[in-house]
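So the chains spell out like this:
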Amino acid sequence: MISGGSDTSYRKQSVVSRRMFILSAAKLVVFGGIIAQLFSLQINQNKKYLTLSDKNRLREWKLPPIRGDFQDFFGNIIAGNLKVYQLHIIPEQVENFNSLIIRVKDILELDQKTFNKIIKKKNSQKPWETLIISENLSWDQFVKINFYLHELSGVKPVLSVARSYPYNENYTHLLGYVAQASQNDLTNNDEIKKKHVPGLRVGKIGLERSLENDLIGMNGVQRYEVNAYGKRINQIDHIEGQKGKSIRLTVDTKIQQKCNELLKDRAGSISVMDIYTGDILAMHSSPSFDPNLFLYGISYDNWEAIRNNPKKPLINRSITGLYPPGSTIKPIVALSALENNVISPNFKVNCSGKIEMYGQTYNCWKKKGHGVVNLRDALKVSCDTFFYEMSRRLGVDRLNETAKKFGLGNKVFNDIFNEEKVGLVPSTEWKKNALGRGWVLGETLITGIGQGYIQTTPLQLCLMTAQLANGGFKINPKVIVNKDDLTFENIKSKMNKNLEQKIQGPDFDDALVDLGISSNKDNNLYSPLFRNQENVKFVLEAMFASTNEVRGTSFSSRIEDKKYQFAGKTGTSQVKRITEAQRELDLDISQIPYEDRDHALYIAFGPYKNPRYAMSVFIEHGGSGGSTAAPMAKKLFKVVIDRHEEREKFKQKNINFVA
Amino acid sequence: MFQETALSGQITFFQKLRSLDYILLFCLLILGLVSSLSMYSTEGGEVLYHTKSHVIRFIVFFSMMLIFSFVNLKLWHSIGYIFYFVVLCLLIWASLYGVKASGSQRWVDLYFINLQPSELMKVAIIMCFAKFYHRTQIHLVNSFKNIIIPMVVLIVPILLVVSQPDLGTSILIGLSGLVVLWLSGVNAKYFIYSSLVLLISLPFVISFLKPYQKLRILTFFNPDRDPLGAGYQIIQSKIAVGSGGLSGKGFLKGTQSYLDFLPEKHTDFIFTLFSEEHGFIGSVLLLFLYAIIIYRTAKIGASARSFFGKLFCYGFASSIFIYVTVNMSMVLGLLPIVGSPLPIMSYGGSSMLATMIGFSVVMSTKIYQKQIIA
């Protein structure tokens, strides 16, 4: 066949060439479009996509921050970090996980329950996530694991840190304890949320909780390159974390331990305070428990033991226990009466063992009565009849004013302990508002002997005693040492200056505070709480008599050595109203059921010549203050005074030592 | 007849050798090298299975292409229809007894190779149409018979490939066929009409799509609607390209690739990997390399005396352009994700074989450019 006419052939060629030309032009445009898109992605939006690419490939692993220490006044660590040996497995890196884990179980001698827990944990996490087999290997286990390590590939013994409380139950209520952060902790504290890593321990109660943000420290960060499945490929960098702030407390471990020893097997609280600096030397609540138990999750048995203990170890009695102060309120009642010129020191009452008023009988603790007593004697022998009469004349509102000034019915600390209780000092207005009923005069009488509505914490009583013992000046109670804390000398001279000012002229500040215009606590720090210091001195002298003179309620607990000599006031507060019949029976303490027994209290300060420390001893259902609480104070005073020299020496050496 | 024989007889082997298009061959070799290195990079800098087989395939098929280049263009012309029918039979075979993989039935097991006939169809359709229009006189091109026959020839394989299912390849076959129809002078109004019909029938077509295909189209318009699912590929691909910047992250340093964020990096997304590692400069150079290949192919077509050779070269150059455009637009987020390899760069034997067969015909056209086919 001869090819088609040259004309058709030419036309065909020209059509295809023309169309190819159009197509080529279109191709150029399209390629231009692709280049434009490349330009847009790679040049214009390069930063955006580079960030996205880094976000893809880089993962940060926060390391747990190392918690700051707690130290006692002398720099001894009372809550620190212990090196612990842990055992980690990354399941992904193990060839046969099941046989490995059984081998590990045999070597560590794990029980079936723990073993099941580990398996459950393994199944709940990703295969490349570290599985913690044991948070705290014993030394024996650690050695054993290392011995068999060559046949346990994928198993990693790791050195880590965990909170430890070397003094076990001694500081539990003061420091609190740490445990795994809960959902609540995360929602309530942003700092915890920011720094949270699985297994992070945070403060649950006490100072561990309130100082969390100082203690927690900074996370270390490990940055890894990961692949699309989240597996770590290699480490890019490592930023060291920062240990949390170490916090030095005012407490003295020796005294604290002594308190614990004295309160052994009892429910109660002892607090010791420097009456000038406000330093709390010891604050112990009994019974206590070992906070180390909470570190790895407390076992059921241990928790049940603590929870079901009838003496309630979880309660911090020092600041959350509210009890009627009993006769330990009497120094304040006496001071209030003197300050308000209700009676003179020579005022006398004849005590016959009971007094009839408003159709009721009010009994004195001594059935036979004290006979004719003046104010000094009444404090010394703790005559209730005298105080009924004096309170009647004083009235509850004036008593309330004095008691609050000296620290009752207020929180001792500003906000360090969220669980701290305010307590209650009643007034006519309070009753109207709170109970909707008018004040009954008889209630004034029992308030005057520290019964009825009045409730105080043991630490409030300690502060009250301290503020009496320093001559009646306001102080700042504290447990944490600060750099700018005033020294004893500074405080003393401040007090003297404030006293001079008060004597020289009408106290404008005082007037303002009285009128409720000025309420700045710091402004009147170290300023007098009294109108006439002679009144305070009178009360202190009467307290001396109560301890150091024959017939004084705590005479048997006195120390004659001037170095240790102290003054105090006993208290025995009733838990429930007793009937006349029961009163007649006069049962021995061992014959009364535990819950019905009286609380025993004692407040004291010393050394008497130059007072420096105040303490309060409280024994729940301990019987009488004179027989139970005062002897403990005697034993403790020896230690406190002996430790004083050590404390002063340490202060000299470490003027600027904070922590 | 006599004339032609005399003419072909005058060309000696050395003349043939000399008349090969060396620029085109050089560009193909460069592309082969670049693709082998990219394959090496997908395997994280190790010569593993993909790299090895890619290099071997390239060498084998490139050599085959060189040998086939010396085949007389007349022979290519004469087997134009047969080639089409053989591939069509293979397609039918594939849909009846084909090897199934990842949800579609595209391959036939030829004992020594798993062949994907749909890839071969991309070339076969061009060859078939080139022969058809070579034999059709220009004034008859737009006759009813000459419109219907090519339509049937085009639609049958498309339907077969769609049913595999393989939307990407069927679109590419369709586009390759249409471009040849356009070049051979089919009236522009048919294209306009059929585009209108397509546009109107689009909702119906979409209703016939498989759910995953619909998802891909939806994802194209908004990749962020499901960033970890359907949108994952395109998002990760754009991140890889975008983070490459001007000069790229460097050879073997494409983090998106070696950390496995990039899907299908051996095949459809090989350009993404290349672009991440070599940046804007590298990508434009690669595009330029393709442009030279397309240009040289078209140039051979321009100088061919036979209409068959001319139409094939133009058609093949245009379809290379289409493959490149569709693939790159897809990985750059300009088109929805449909399976479409980048010629020679992407891993895949059938695709490479088809491409090399095409270049054999192109080279043969060059050698026999003065030959006239009856």
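Fair warning: this is a prediction, and the values are worked out from it, not measured in the lab. (Residues numbered from 1 in each chain as written. Chains lettered and ligands numbered in written order. Predicted model: local features only at pLDDT ≥ 70, side-chain atom pairs only at ≥ 80, totals over all residues. Heavy atoms only, no water.)

Student: Honestly, the overall build of chain B in this entry has me stumped. Any pointers?
Tutor: Assigned secondary structure in chain B consists of 16 helices and 3 strands. Computed over C-alpha atoms, the radius of gyration of chain B comes to 21 Å, within 12% of the 21 Å expected from 2.2 N^0.38 for 374 residues, which places it in the range of a compact globule. Counting only residues that meet the buried cut, chain B has 56% of its 374 residues in that class. Considering only intrachain contacts with a sequence separation of at least 6, the fraction spanning at least 24 residues in chain B is 74%. For chain B, the accessible surface area stands at approximately 15,800 Å², while carbon and sulfur atoms represent 71% of it. Separation between the mean location of the 26 positive side-chain charges and that of the 14 negative ones in chain B comes to 15 Å. (Helix = DSSP H or I, 4+ residues; strand = E, 2+ residues; numbered from the N terminus. Rg over C-alpha atoms; globule rule 2.2 N^0.38 Å. Buried < 20%, exposed > 50% of the residue type's maximum accessible area, 1.4 Å probe, protein only. Contact = heavy atoms within 4.5 Å. Areas by Shrake-Rupley, 256 points an atom, 1.4 Å probe, with all protein chains shown as cover. Lys, Arg positive; Asp, Glu negative; His and termini not counted. Charge placed at Lys NZ, Arg CZ, Asp CG, Glu CD.)

Student: Honestly, the overall build of chain A in this entry has me stumped. Any pointers?
Tutor: Helices and strands together make up the secondary structure of chain A, namely 25 helices and 19 strands. Computed over the C-alpha atoms, the radius of gyration of chain A is 37 Å, more than 25% above the 26 Å expected from 2.2 N^0.38 for a compact globule of 659 residues. Taken across its 659 residues, chain A has 50% of its residues classed as buried. Within chain A, residue pairs in contact and separated by at least 24 positions form 74% of the contacts whose partners lie at least 6 positions apart. On chain A, roughly 31,500 Å² of surface is accessible, and the fraction owed to carbon and sulfur atoms is 51%. Mean positive and mean negative side-chain charge positions of chain A (91 and 70 charges, respectively) differ by 4 Å.

Student: Sorry, what's going on with the interface of chain B and chain A here?
Tutor: Taken together, the contact pairs 57 residues of chain B with 37 residues of chain A. Carbon and sulfur atoms make up 71% of the area that chain B and chain A hide from each other, which totals about 4,100 Å². Scanning the region where chain B abuts chain A turns up 0 salt bridges. Secondary structure elements with two or more residues in the side of chain B that touches chain A: helix H7 (117-134), helix H9 (167-183), helix H12 (232-244), helix H13 (255-258), helix H14 (270-302) and helix H15 (307-331) of chain B. Ranked by the residues each element gives to the side of chain B that touches chain A, the list is headed by H15(B), at 11 residues. For the side of chain B that touches chain A, a count of residues per class yields 32 nonpolar, 19 polar and 6 charged. (Buried area = accessible area lost by both parts, 1.4 Å probe. Salt bridge = Lys/Arg side-chain N within 4 Å of Asp/Glu carboxyl O. Nonpolar A, V, L, I, M, F, W, Y, C, P; charged D, E, K, R; others polar.)

Student: Sorry, what's going on with the pattern of salt bridges here?
Tutor: Opposite charge on two side chains lets them pair, provided their charged atoms get close. Residues and elements named next belong to chain A. Here the structure, examined in full by the defined rule, presents 39 salt bridges over all chains. The closest approach of N and O atoms between arginine 531 and glutamate 401, which form a salt bridge, is 3.6 Å. Here arginine 531, found in the loop between helix H22 (508-515) and helix H23 (533-548), pairs with glutamate 401, found in helix H17 (residues 396-405); they are 130 residues apart in sequence, far enough to count as distant. Look at arginine 531 and you get partly exposed, because its relative accessible area is 45%.

Student: Would you mind showing me how to read the nonpolar core here?
Tutor: In a soluble, globular protein the nonpolar side chains are often hidden away together inside. The biggest cluster of nonpolar side chains holds 115 residues, and the ones touching the most others in it are Met121(B), Ile125(B), Tyr133(B), Leu286(B), Phe312(B), Met345(B) and Met356(B). Ranked by residues supplied to this core, first place goes to H15(B) with 17 residues. If sequence neighbours within four positions are ignored, Phe312(B) has contacts with Val123(B), Ile126(B), Met127(B), Ala130(B), Gly358(B), Val361(B) and Val362(B). Within the second largest apolar cluster, 99 residues are counted, among which are Phe294(A), Ile355(A), Ile454(A) and Leu601(A). (Core = buried A, V, L, I, M, F, W, Y, C linked by side-chain atoms within 4.5 Å.)

Student: Can you help me understand the confidence of the model for chain B in this one?
Tutor: Should the pLDDT be low somewhere, the predicted coordinates at that spot are not to be read in detail. Residues at a pLDDT of 70 or more form 95% of chain B, whose mean pLDDT is 89. Scored below 50 in pLDDT, residues 1-6 of chain B shows 3 contacts in the model against residues more than four places distant or in partner chains. (pLDDT = per-residue confidence, 0-100.)

Student: Can you walk me through the sheet that holds strand E1 (residues 99-101) of chain B in this structure?
Tutor: The strands making up a sheet associate through hydrogen bonds between their backbones, and the pairing can be parallel or antiparallel. Residues and elements named next belong to chain B. Taken in spatial order, the 3 strands of this open sheet run E1-E2-E3, and their pairing is antiparallel. Sheet topology places E1 and strand E3 (114-115) at the edges, where each strand pairs with a single neighbour. Pairing geometry for strand E2 (residues 104-109) and E3, over 2 bridges, is antiparallel. Residue aspartate 109 lies in a different strand from E3, and its bridge partner there is asparagine 114. (Pairing = 2+ DSSP bridges.)

Student: How should I be thinking about the packing of aromatic side chains in this particular structure?
Tutor: Any two aromatic rings considered together are summarised by their centre-to-centre distance and by the angle between their planes. Residues and elements named next belong to chain A. Going through the model one piece at a time under the given rule, you end up with 38 aromatic pairs over all chains. Measuring from ring centre to ring centre gives 5.1 Å for tryptophan 430 and tyrosine 453, while their planes differ by 65°; the resulting arrangement is edge-to-face. A residue pair is termed long-range when its members are at least 10 positions apart, and tryptophan 430 in helix H18 (residues 428-435) and tyrosine 453 in the loop between helix H19 (441-448) and helix H20 (458-469) qualify at 23 residues. Judged by relative accessible area, which is 22%, tryptophan 430 ranks as partly exposed. (Phe/Tyr/Trp six-rings, centres within 6.5 Å; stacked < 30°, edge-to-face > 60°.)

Student: Just checking my understanding: could you explain the side chain of Lys12(A) for this structure?
Tutor: Among the secondary structure elements, Lys12(A) is positioned in helix H1 (residues 6-44). The class of Lys12(A) is buried, set by a relative accessible area of 10%. A distance of 2.7 Å separates a polar atom in the side chain of Lys12(A) from the backbone oxygen of Thr136(B). Sequence-distant contacts of Lys12(A), that is, excluding residues within four places in its chain, are made with Tyr133(B), His134(B), Arg135(B), Thr136(B), Ile138(B) and Phe307(B). (Polar contact = N/O pair within 3.5 Å; in protein donor to acceptor, adjacent residues only side chain to side chain.)

Student: In this structure, what is going on with the domain arrangement of chain A? I would like to understand it.
Tutor: Size of an interface, as often reported, equals the accessible area lost when the parts are brought together. All names here are of chain A. Along its sequence, chain A is carved into domain 1 (61-248) and domain 2 (253-653). Computed from C-alpha coordinates alone, the two centres of domain 1 and domain 2 are separated by 44 Å. If you look at the interface, domain 1 gives 33 residues, while domain 2 gives 33 residues. In total, domain 1 and domain 2 occlude about 3,000 Å² of area from one another, counting both sides; carbon and sulfur atoms represent 60% of this. Interface area lost by domain 1 to domain 2 is led by Phe73, Phe74 and His173, which between them contribute 26%. (Domains from an automatic or database assignment.)

Student: Got a minute to help me understand the sheet that holds strand E19 (residues 613-619) of chain A in this structure?
Tutor: All names here are of chain A. Spatially, the 5 strands line up as an open sheet ordered E12-E11-E19-E18-E17, and their pairing is antiparallel. Edge strands, defined here as strands with exactly one partner in the open sheet, are strand E12 (280-286) and strand E17 (567-573). Put simply, the sheet's adjacent strands are angled 10° from each other on average, direction ignored. Relative to strand E18 (residues 599-606), E17 is paired through 7 bridges, and the arrangement is antiparallel. Residue pairing in the sheet places threonine 570 in a bridge with tyrosine 602 of E18. Its contacts with the sheet put H20 on strand E11 (268-274), E12, E18 and E19, and the angle it makes with E19 is roughly 150°. (Axes fitted to C-alpha atoms, helices over the stretch in contact; angles between N-to-C directions.)

Student: Can you help me understand the state of the cysteines in this one?
Tutor: All names here are of chain A. Taken as a whole and judged by the stated rule, the model has 0 disulfides over all chains. Cysteine cysteine 259 shares no disulfide, and the gap to the nearest cysteine sulfur, in cysteine 462, comes to 10.0 Å. Not part of a disulfide, cysteine 351 finds its nearest cysteine sulfur in cysteine 383, a span of 3.7 Å. When its relative accessible area of 3% is taken as the criterion, cysteine 351 is described as buried. (Disulfide = S-S within 2.5 Å.)

Student: Teacher, can you tell me more about the environment of Ser53(A) here?
Tutor: Checked against the element boundaries, Ser53(A) lands in helix H2 (residues 46-57). In this view, Ser53(A) contacts Ile239(B), Ser243(B), Lys249(B), Thr255(B) and Gln256(B); residues no more than four positions away in its chain are not counted.

Student: Where do I start with the pairing of strand E15 (residues 360-363) of chain A in this structure?
Tutor: The side chains of a regular strand alternate between both faces of the sheet. Residues and elements named next belong to chain A. Examined bridge by bridge, strand E14 (residues 354-357) and E15 share 4 bridges and lie antiparallel to one another. Opposite lysine 354, over in E15, you have asparagine 363 as the bridge partner. Linkage of E14 to E15, two consecutive antiparallel strands, is achieved through a turn of 2 residues, within which tyrosine 358 is found at a positive phi near 50°.

Student: When you look at the packing of H14(B) against helix H16 (residues 349-367) of chain B in this model, what are you seeing that I'm missing?
Tutor: In a pair of packed helices, the angle between the axes and the distance between the axes together describe the arrangement. Residue and element names in this part refer to chain B. Interhelical geometry of H14 versus H16 gives an angle of 45° and a closest axis separation of 9 Å. Here H14 is positioned oblique relative to H16, judged by the angle of their axes. Of the two possible hands of crossing, H14 and H16 adopt the one that is left-handed. For the pair H14 and H16, the contacting residues are Ile293, Thr297 and Ile300 in the first and Phe359, Val362, Thr365 and Lys366 in the second. By residue class, the composition of the contact of H14 with H16 is 4 nonpolar, 2 polar and 1 charged. (Parallel < 35°, antiparallel > 145°, perpendicular 65-115°, else oblique. Left-handed = near helix turned anticlockwise from the far one by under 90°.)

Student: I keep staring at unusual backbone geometry and nothing clicks. Help me out?
Tutor: Peptide bonds are mostly trans, and most non-glycine residues show a negative phi. Put simply, Ser286(A) and Pro287(A) share a cis peptide bond, and its omega is -5°. Checked against the element boundaries, Pro287(A) lands in the loop between E12 and helix H12 (300-308). Cis geometry marks the peptide bond from Gln164(B) to Pro165(B), where omega comes out at 0°. Positive phi outside glycine occurs at Asn341(A), with the angle close to 55°. If you trace the backbone, Asn341(A) turns up in the loop between helix H14 (330-339) and strand E13 (348-351). For Ile344(B), which is not a glycine, the phi torsion comes out positive at approximately 65°. Looking at the secondary structure, you find Ile344(B) in the loop between H15 and H16. The class of Ile344(B) is buried, set by a relative accessible area of 2%.

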